[in-house]
Amino acid sequence: MGLIGLPVEGCRRNTADCDKPSTLNRLLSTMLKRTALFSAHQELGARLIDFGGWEMPVQYTSIVEEHLAVRNAAGIFDISHMGEVTVNGAAAAAFLNFVLTNDVRRLAPGAGQYTLMCNAAGGVIDDLYDYRLSDEVYLLIVNASRTEADVAWLQSQAAKFPRRNELRLTDASHNYSAVAVQGPRVREFIADCLPGASISATRVGRVTDLKKNQIAGFQFEHGGVLVSRTGYTGEDGFEIVGGDEAIRRVWEIMLKIGRPFGIKPCGLGARDTLRTEVCYPLYGHELDENTTPIEAGLGFFVSLEKGDFSGRKILAEQKHKGVRKTLTAFKMTGRSAPPRPHYPLWVRGAKCGEVTSGTQSPSLKTGIGMGYVPPEWAKPGTDIEIEIRGRRATAVIVPKPIYRKTERP
Amino acid sequence: MSKVPSNLKYTKSHEWIRVSGDTAMVGITDHAQHELTDIVFVELPDVGDKVKAGDACAVVESVKTASDIYSPVSGEILETNRSVVDDPALVNSEPFDSGWFFKVKLSNPSELDALLTPDKYKAQIGGQAA
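**Digging into the overall build of chain A**
Part 1: Along chain A, the regular secondary structure elements total nine helices and 20 strands.
Part 2: Against the compact-globule benchmark of 22 Å for 409 residues, chain A has a radius of gyration of 21 Å, which places it among compact chains.

Structure, rendered in structure tokens:
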């Protein structure tokens, strides 16, 4: 997902560019996909943008307010644009272990893991979550902007897979909507929205008994939803996948019962600042087909011991011999404009890369970002410079994550 | 509804101008700050800079957006507002007062005639012309 559609990607936009709303709206409505929550966003007065072909809310009131709501209380995000792919059958685990970098065999039914899908050169096709719903049923949650590429790649790999007859791949993206409910206070009210014990995958007495990365099915009104304890914000939280009508009701009920706890609807703007503070990569920014998980610092999610898989040769080489570029995080040290994607990154007077993600951090109230540098400059404490409109501003490499919660509830 | 004070002139690109004698004070409108939200950085021209009407001469950045600010008039920069550099949120809270950007000594006062009246600016941002 690249918060690719956000108003600024390192370029300057004149506010006067937005003086033709009718033309723009007409264009958007004919070209962009909308989620089941689209009218809810409109009623809440959301500012909508094109995000990977979807008309999505970038903010409702203010990115800073929404960001701080998630850090301090609760926020709900529409993530219906994300793709869902199911992989079923006796050979599902063997196939996934060939196309994904993490080891699927570690997953008991009801467990999920962060993983990556790489081409033969180790370049990242997508980063995703892989859930084992039951013995032979897996659910992949993939980036909206990559769903088509992922499905094409999975199909091409399945066609070559020896046990392809024991495997069924389905792009179920159009069947599902999804929301993420994130923040330290979510656990105080989520069970009132999704009461009772689970009915599938992980067996728990109540939704808040789910542990990190576990997933379970719950009865919800007249249907069912899948709930996982995952997220993209660095806070405790849950992601809920279900049919359009179920997710519309979840959104409505969550905002209602979460109100005394300070819940706010949150857009992609806050989603981007939240994940940048905790250094979660975003496809199209930190990850692409010419970048490997090792270079991105995601070696923890690459299991070289599990046997052969797509990209393994290069990834093993990089793990043992090192890489030519490595993803680092930085903080601005003086007063400067916020760093933005594509701004040049300088070390010791030489341009050596560019900013992949950069923003003002609402939690730290300073400019922060990530970018690739040669490994010899990647040590925390290294002074670097970010070129902003032709002038260089000082910054320092810091350990990841950039923002760390001081207290865990 | 955004405020559009009646004693100011405006530009299509959302700057306001307060004229007194041969000096013009410039800032961005309530509508503009509302659209930008969460202003975190302001970069101003240097005192003594010569600007032409329409020149990009300042930058305002919100969490997600960087926008150029154009000088509505030609002349020399007489003074800039250090307070908004120190506390950019002033642009959000008081866009027409302590959130001002710079003052220009007018070199061509006839340019003022080309600026928008409050009613015309209101119409542009979708409000009702009085």
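From this point on, the discussion continues.
**Focus on the overall build of chain B**
Part 1: The number of helices and strands found in chain B is four helices and nine strands.
Part 2: Relative to a compact globule of 130 residues, whose C-alpha radius of gyration would be 14 Å, chain B shows 14 Å and is just as compact.
Part 3: Dimensions of chain B, computed from C-alpha atoms along their principal axes, come out at roughly 35 × 35 × 20 Å.
Part 4: For chain B, the proportion of its 130 residues judged to be buried stands at 46%.
Part 5: For chain B, long-range pairs separated by at least 24 residues make up 63% of all intrachain contacts whose partners lie at least 6 apart in sequence.

**Section: the environment of A:Val398**
Residue and element names in this part refer to chain A.
Part 1: Position of Val398 among the secondary structure elements: in strand S20 (residues 391-398).
Part 2: Overall, the presence of 17 C-beta atoms within 10 Å leaves Val398 in the partly exposed class.
Part 3: Between the C-alpha atom of Val398 and that of Gly369, which follows or precedes it by 29 residues, the distance is 10.0 Å.
Part 4: Ignoring anything within four residues of it in the chain, the contact list for Val398 reads Ala329, Phe330, Lys331 and Pro380.

**Re unusual backbone geometry**
All names here are of chain A.
Part 1: Between Lys400 and the following residue, Pro401, the backbone shows a cis peptide bond with an omega angle of -5°.
Part 2: Positionally, Pro401 belongs in the segment after S20.
Part 3: Backbone geometry places His342, a non-glycine residue, at a positive phi of 80°.
Part 4: Of note, His342 is situated in the loop between strand S15 (326-332) and strand S16 (344-347).

**Structural notes on the sheet that holds strand S13 (residues 237-242) of chain A**
All names here are of chain A.
Part 1: Overall, mixed pairing links the seven strands, which are arranged S10-S11-S12-S13-S9-S3-S14 in an open sheet. One side of each edge strand has no neighbouring strand; the edge strands of this open sheet are strand S10 (200-201) and strand S14 (263-266).
Part 2: Summarising the sheet, strand S3 (residues 74-78) and S14 pair through four bridges and their orientation is parallel. Along S14, the bridge assignment pairs Ile76 with Pro265.
Part 3: Packing of helix H7 (residues 244-257) onto the sheet brings it into contact with S3, strand S9 (177-182), strand S11 (215-220), strand S12 (223-228), S13 and S14, and relative to S9 it is tilted by some 25°.

**What about the nonpolar core?**
Side chains of nonpolar character tend, in soluble globular proteins, to be buried together.
Part 1: Formed by 146 residues in total, the largest nonpolar core has its most connected members in A:Val179, A:Val181, A:Val225, A:Val227, A:Ile240 and A:Val250.
Part 2: Aside from chain neighbours lying at most four places away, what touches A:Val227 is A:Leu194, A:Val207, A:Leu210, A:Ile215, A:Ala216, A:Phe218, A:Phe238 and A:Ile240.

**Comments concerning helix H4 (residues 92-99) of chain A**
Residues and elements named next belong to chain A.
Part 1: When H4 is considered as a whole, its buried residues turn out to be Ala92, Phe95, Leu96, Phe98 and Val99. Here the buried residues of H4 occupy an arc of 160° about the axis, which is enough to place them on one side.
Part 2: Against the buried residues of H4 lie strand S4 (83-88), strand S5 (112-118), strand S6 (124-134), strand S7 (137-142) and helix H5 (147-160).

**Overview of the confidence of the model for chain A**
Part 1: Of the residues in chain A, 92% have a pLDDT of 70 or more, and the chain-wide mean is 92.
Part 2: Contacts for the low-pLDDT stretch residues 1-21 of chain A, under 50 throughout, to residues beyond four places or in other chains number 62 contacts.

**Observations regarding the sheet that holds strand S1 (residues 9-10) of chain B**
All names here are of chain B.
Part 1: Spatially, the six strands line up as an open sheet ordered S1-S2-S3-S9-S8-S5, and their pairing is antiparallel. Among the strands making up the open sheet, the edge pair consists of S1 and strand S5 (50-51).
Part 2: Where S5 and strand S8 (residues 75-80) come together, two bridges link them in antiparallel fashion. Along S8, the bridge assignment pairs Lys50 with Glu76.

**A closer look at the pairing of S5(A)**
Residue and element names in this part refer to chain A.
Part 1: Among the seven residues of S5, five are classified as buried, and the element is accordingly described as predominantly covered.
Part 2: By the bridge criterion, seven bridges tie S5 to S6 in an arrangement that is antiparallel. In the sheet register, Tyr114 faces S6, and the bridge partner there is Tyr129.
Part 3: In sequence, S5 turns back onto S6 through a hairpin of five residues, with Gly122 there showing a positive phi of about 85°.

**Regarding the domain arrangement of chain A**
All names here are of chain A.
Part 1: Looking at chain A, the domain boundaries give domain 1 (3-80 + 176-276), domain 2 (83-175) and domain 3 (324-409).
Part 2: Of all the secondary structure elements, the ones that give two or more residues to the side of domain 1 that touches domain 3 are helix H3 (63-72) and helix H8 (268-277).
Part 3: Ranked by the residues each element gives to the side of domain 1 that touches domain 3, the list is headed by H3, at four residues.
Part 4: Looking at the side of domain 1 that touches domain 3, its residues break down into four nonpolar, five polar and three charged.

**With respect to the pairing of strand S1 (residues 47-51) of chain A**
Residues and elements named next belong to chain A.
Part 1: As defined by bridge partners, S1 adjoins strand S2 (residues 54-59) across five bridges and the pair is classed as antiparallel. Following the sheet pairing, Leu48 is matched in S2 by Pro57.
Part 2: Between S1 and S2, which follow one another and run antiparallel, lie two residues, and Gly52 among them has a positive phi close to 55°.

**Topic: the packing of H3(A) against H8(A)**
All names here are of chain A.
Part 1: For the pair H3 and H8, interaxial distance at closest approach is 8 Å and the crossing angle is 55°. Taken together, the axis directions place H3 and H8 in an arrangement best described as oblique. At the point where H3 passes H8, the crossing takes the right-handed sense. Contact residues: H3 offers Ile63, Glu66, His67 and Val70, while H8 offers Gly269, Ala270, Thr273 and Leu274.
Part 2: Among the residues forming the contact of H3 with H8, the class breakdown is four nonpolar, three polar and one charged.

Rules behind the numbers
- Residues numbered from 1 in each chain as written.
- Chains lettered and ligands numbered in written order.
- Predicted model: local features only at pLDDT ≥ 70, side-chain atom pairs only at ≥ 80, totals over all residues.
- Helix = DSSP H or I, 4+ residues; strand = E, 2+ residues; numbered from the N terminus.
- Rg over C-alpha atoms; globule rule 2.2 N^0.38 Å.
- Buried ≥ 20, exposed ≤ 12 C-beta atoms within 10 Å, placed from the backbone.
- Contact = placed C-beta atoms within 7 Å.
- Pairing = 2+ DSSP bridges.
- Axes fitted to C-alpha atoms, helices over the stretch in contact; angles between N-to-C directions.
- Core = buried A, V, L, I, M, F, W, Y, C linked by C-beta atoms within 7 Å.
- Arc of directions from axis to C-beta.
- pLDDT = per-residue confidence, 0-100.
- Domains from an automatic or database assignment.
- Nonpolar A, V, L, I, M, F, W, Y, C, P; charged D, E, K, R; others polar.
- Parallel < 35°, antiparallel > 145°, perpendicular 65-115°, else oblique.
- Left-handed = near helix turned anticlockwise from the far one by under 90°.

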